[in-house]
Amino acid sequence: MQLGVIGLGRMGGNISRRLMQHGHQIVAFDHNPKAAGALQGAVAATSIEDMVAKLSAPRTVWVMVPSGAPTESTVQELGKAMSKGDAIIDGGNTFFKDDVRRGKALAEKGIDYLDVGTSGGVWGFERGYCMMIGGKKETVERLDPIFAALAPGVGTIPRTPHREGRDARVEKGYVHAGPVGAGHFVKMVHNGIEYGLMQAYAEGFDILRGRNGKELPEAERFDIDLADVAEVWRRGSVISSWLLDLTAMALAETPSLDEYKGDVDDSGEGRWTVNAAVEEAVAAPVITSALYVRFRSRIAHSFGEKILSAMRSKFGGHVEGALEANHIKETAKKHGPQ
């Protein structure tokens, strides 16, 4: 299939490469002209209008730019340039209520809108992407070759018993979650759970490290090798996970994690998840506490917060604090205000 991709950063670029690897044609655009030119095998577009002109109807464009103003302005510009029967996919981390609003406005023009929560980070090109999709059933099915190429596939994961007769796409790593907004809603909660899991690991390793404190009785002090503990927990433990794999990797590289300040940012989904819990009167103490710890981390940093920073760096290529804030500001300037 032919697909336009806007935004060729660490996610958009790798999504494009994986699709081309599976035989799809990519028409690429980025506000940095060098990014599109450097994407080997893709057709480079010089503007959104040029991209739309290079695509054959019915056109489909995947938007992979930062959430908020950059996504808003990009979708609005696409809505003006595209025609009835075309489709826009937002693969970023958009607030689901914004999806509902955008989907309704685009539907009036006959343009389909899909919100695709995409998990996989910088490893997605090799591992594939887990996708949570919101939108019309017919549009999701028409674009299935795109999602199938990006998904990790069944792989070696044991099949869950009693799933006979259910949606086979789920076992391949992507799900049609519901109408417009449902995809990003599921991804939002996914990221809220991620906050809680990461915080639990961070606290656990902080407790392990603290056992060698001078304030404790000498006979009860243990100088525990955290890298070795992380590694052994990866193998047969009930708490093994990909996040633990990444933690083990970071600790093996630098056991002290001195290159991390422990200044842990939040990208929005944790706050939205907590707000959704309040709207629904659902108790979410773990996710809420994990979010508040991230707020506090910007004031005082513990070893546990360095663990959090290390995990964010490894799975998503996230930089800390001021560097990330400056990157977001610069990106917003390029794309214009909301």
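Quick notes on the rules
- Residues numbered from 1 in each chain as written.
- Predicted model: local features only at pLDDT ≥ 70, side-chain atom pairs only at ≥ 80, totals over all residues.
- Heavy atoms only, no water.
- Helix = DSSP H or I, 4+ residues; strand = E, 2+ residues; numbered from the N terminus.
- Expected span 1.5 Å × (residues − 1).
- Buried < 20%, exposed > 50% of the residue type's maximum accessible area, 1.4 Å probe, protein only.
- Arc of directions from axis to C-beta.
- Contact = heavy atoms within 4.5 Å.
- Core = buried A, V, L, I, M, F, W, Y, C linked by side-chain atoms within 4.5 Å.
- Right-handed = clockwise from strand over helix to strand, strands pointing away.
- Pairing = 2+ DSSP bridges.
- Axes fitted to C-alpha atoms, helices over the stretch in contact; angles between N-to-C directions.
- Parallel < 35°, antiparallel > 145°, perpendicular 65-115°, else oblique.
- Left-handed = near helix turned anticlockwise from the far one by under 90°.

Chemist: Would you mind showing me how to read helix α13 (residues 269-280) here?
Modeler: Because each turn of an α-helix spans 3.6 residues, side chains separated by three or four positions end up pointing in the same direction. Compared with an ideal rise of 1.5 Å per residue, which puts 12 residues at 16 Å, α13 spans 16 Å between its outermost C-alpha atoms and is within 8% of the ideal. Every buried residue belonging to α13 is among Glu 269, Gly 270, Thr 273, Val 274, Ala 276 and Ala 277, and all of these are buried. The arc enclosing the buried residues of α13, seen along the axis, measures out at 160°, which places them on a common side. For α13, the exposed residues lying more than 90 degrees away from the buried face are Val 278 and Glu 279. Turning to α13, the residues buried within the fold contact α10 (182-210) and α14 (285-297). Just past α13, the residue Ala 281 takes up positive phi, approximately 55°.

Chemist: I keep staring at the nonpolar core and nothing clicks. Help me out?
Modeler: General note: in soluble globular proteins, nonpolar side chains tend to be found buried as a group. Grouped together as the largest cluster of nonpolar side chains are 30 residues, with contacts concentrated most on Leu 19, Ile 26, Trp 62, Val 116, Met 131, Phe 147 and Leu 150. Elements with a minimum of two residues in this core: β1 (2-6), α1 (12-21), β2 (25-29), α2 (33-38), β5 (87-90), β6 (112-119), β7 (130-134) and α8 (144-150). The leading source of residues in this core is α8, at four residues. If we ignore the near neighbours within four places in the chain, the residues touching Phe 147 are Trp 62, Ile 89, Leu 114, Val 116, Met 131, Ile 133, Val 140 and Tyr 174.

Chemist: Would you mind going over the pairing of β2 with me for this structure?
Modeler: Looking along a regular strand, one sees side chains alternate from face to face of the sheet. Most of β2 is tucked away, with four of its five residues classed as buried. Regarding the hand of the β-α-β motif, the stretch spanning β1, α1 and β2 is right-handed. Looking at chain direction, β2 and strand β3 (residues 43-44) are connected through two bridges and run parallel. Note on β3: the bridge partner recorded for Ala 28 is Ala 44. For the handedness criterion, the β-α-β arrangement of β2, α2 and β3 is classed as right-handed.

Chemist: Whenever I open this one, the environment of Lys 109 confuses me. Can you help?
Modeler: Relative to the elements of secondary structure, Lys 109 occurs in the loop between α5 (96-107) and β6. A relative accessible area of 46% places Lys 109 in the partly exposed class. It is 9.8 Å that separates the C-alpha atoms of Lys 109 and Asp 86, two residues lying 23 residues apart in sequence. Excluding residues that lie within four positions of it along the chain, Lys 109 makes contacts with Gly 79, Lys 80 and Lys 84.

Chemist: Could you clarify how one ought to interpret α5 in this entry?
Modeler: Here α5 is 12 residues long and its end C-alpha atoms lie 16 Å apart, about the 16 Å a rise of 1.5 Å per residue gives. In this structure, the buried side of α5 is in contact with α4 (69-81), β5, β6 and α10.

Chemist: Looking at this structure, how should I read the packing of α10 against helix α12 (residues 242-253)?
Modeler: Between two packed helices, both the angle of their axes relative to each other and the distance between the axes serve to describe the pair. It is at 11 Å that the axes of α10 and α12 come closest, and there the two elements cross at 40°. Between α10 and α12, the crossing angle belongs to the class labelled oblique. α10 and α12 meet at a crossing whose hand is right-handed. When α10 is examined against α12, the residues Leu 197, Met 198, Tyr 201 and Phe 205 are found in contact with a partner set consisting of Leu 243, Leu 244, Thr 247 and Leu 251.

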